[in-house]
Amino acid sequence: MILKKWTTSLGLLSLSALVALTACGTPASPGKEGKDAATGEAAADGGKKTLTIATVNNPDMAVMQKLAKDYEKETGTTVKFSVLPENDLRKQVTVDVSMGGGKYDIVTIGNYDAAIWAKNKWIEPLTSYFDSIPADAKAKYDLDDIFPAVRDGLTYDKQLYALPFYGESSMLYYNKDMLAKAGVTMPEHPTWEQVAEIAKKVKAANNVPGIVLRGLPGWGEVLAPLNSIIHAFGGSWYDMNWNAKLNSPETVKAVKFYADLLKEAGQPGATTTGFTEALTLMSTGKAAMWYDATVAAGFLNNPKNSQVVGKIGYVKAPSAAKDNTGWLWSWNLAIEAASKNKAEAFKFMTWATSKEYITKVGESEGWVIAPPGTRKSTYENPKYKEAAPFADIVMQSMMSADYKKPAKDPVPYQGIQFVSIPEFQQLGTEVSQDIAAALTGSTSVEDAMKKAQEKAEKVAVTGGYKK
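Right, let's walk through the structure included here. (Residues numbered from 1 in each chain as written. Predicted model: local features only at pLDDT ≥ 70, side-chain atom pairs only at ≥ 80, totals over all residues. Heavy atoms only, no water.)

## Brief notes about the pairing of strand β3 (residues 106-110)
And then number 1: Judged by how many residues are buried, β3 sits mostly within the fold: five of five residues are covered.
And then number 2: Of the two faces of β3, the one holding Ile 106, Thr 108 and Gly 110 and the one holding Val 107 and Ile 109 are both buried throughout.
And then number 3: Both strand β1 (residues 50-56) and β3 contribute to a ladder of two bridges, which runs parallel. For Ile 53, the partnering residue across the bridge sits in β3 and is Ile 106. (Buried < 20%, exposed > 50% of the residue type's maximum accessible area, 1.4 Å probe, protein only. Helix = DSSP H or I, 4+ residues; strand = E, 2+ residues; numbered from the N terminus. Pairing = 2+ DSSP bridges.)

## Some words on the packing of aromatic side chains
And then number 1: This structure, assessed with the given rule, holds 30 aromatic pairs.
And then number 2: Their ring planes at 40° and their centres at 5.1 Å tell us that Phe 233 and Phe 257 sit as a pair that is tilted. Remark: Phe 257 occurs in helix α12 (residues 249-265) and Phe 233 occurs in the loop between α11 (223-232) and α12; sequence separation between them is 24 residues. The two residues Phe 233 and Phe 257 agree in class, both being buried.
And then number 3: A ring pair is formed by Trp 329 and Phe 418, whose centres lie 6.0 Å apart and whose planes are at 85°; its orientation type is edge-to-face. Of this pair, Trp 329 sits in strand β10 (residues 329-335) while Phe 418 sits in the loop between α18 (391-400) and α19 (424-440); the two residues are 89 residues apart in sequence, bridging distant segments of the chain. Each member of the pair, Trp 329 as well as Phe 418, carries the same accessibility label: buried.
And then number 4: An aromatic cluster is defined as three or more aromatic residues linked by ring pairs; in this entry it consists of Tyr 112, Trp 219, Trp 237, Trp 329, Trp 331, Tyr 403, Phe 418 and Phe 424. (Phe/Tyr/Trp six-rings, centres within 6.5 Å; stacked < 30°, edge-to-face > 60°.)

## Describing the pattern of salt bridges
And then number 1: A complete count under the given rule lists 18 salt bridges for this structure.
And then number 2: Note that Lys 256 and Asp 260 form a salt bridge whose closest N and O atoms lie 3.1 Å from each other. With Lys 256 and Asp 260 both in helix α12, this residue pair falls four residues apart, about one helical turn.
And then number 3: Among the residues examined, Asp 260 registers a relative accessible area of 28% and is labelled partly exposed.
And then number 4: The partner of Lys 466 in a salt bridge is Glu 457, and the shortest N-O contact between them spans 2.3 Å.
And then number 5: On the basis of relative accessibility, which here comes to 27%, the residue Lys 466 falls in the partly exposed class.
And then number 6: For Glu 457, a relative accessible area of 21% translates into the label partly exposed.
And then number 7: Put simply, Glu 197, Lys 200 and Glu 264 are held in one network by salt bridges that share partners. (Salt bridge = Lys/Arg side-chain N within 4 Å of Asp/Glu carboxyl O.)

This is the structure we're talking about:
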């Protein structure tokens, strides 16, 4: 997506190579930089500072880049952006941080990365920086205002390692006019079976896909919605002993449900549909329903690029064997451990993730596209709630996301639309390709999941998880 289009970028770098590269890094400690953060002064050289920020090319980051001009005027710090497609961003940033290159001062990472990178000492712990700033500045930033589930995803060994720029859960969008034409009503808390029946009826009545779902291969594409459905159906990737479960009856049932739903009521050519393509279908009135990221709600309600403003209804992620199934994701800013400008980096990060920044975006760019999913105060703001009819459902989804307990039964991993182990990037990509083959009909779901099972079992053994 604009949020989760991760496919094979780290597949270009083997995990073993990355581990080897880690030994080359010589991450710096906060030291005097931490003290500088407290005083708000530039580094000891007294000169003007230049920050280099690596970030992803999506609309929210484009707004940050635009508003950073104001930050430069206020502070005298020059801010340079390296804006890249997500695959390129992941490749270039991972190489730089793992080698201790220090090319970037601030890097944009997902909550999937945070604990892994923290463990490798690729990014800087932030707790000491917050402990060093004046009490009134710390209170103004208000860490307690950040959704607990989002904070937890950025914490490793009781230390905070990144600050959330925006976050998301998942929910079901539906075109109210199209459902009305089909004579159906969306339940307040639908099951996936109910959604499937509605999708078929709405497709027949409106001659458009009854539902659009991602099918594009990639651990951050098709597996983002599908993993949440696997967990909803009672499936999982592993059990508590790290036995792979991708060919379990529950997991196979979920994948077969997904494939059948796309075949019977979804969009044609599903394996070419990622977040961006699905958003286009929904925002132009060419699809009746869509299950995806809550961040899309702002795009669907922005009259500058949506033809369905005021026509969209929202419900939380549908249920099956498990009720609480919405995913949890955030894009976050972190300080590269080898940065030579850590104090200034910390100052910029707290500026760009603050309550004041969210207000600045709302007032200058429109409240409907203010950075969502990070702060409780955003969802208490009357201006945001007026502009965002979806605000309450998004807040409920963010607050209830079961990041630490994603599956119906206990599992040894965290993460809902991903598995929180380094190997998942490659494993997830390969499994998504097996699933894509089933979506096109070139293989059966059962055969696809048998192949996936073998790959997941191998990772459990070679990764040292299974004893």
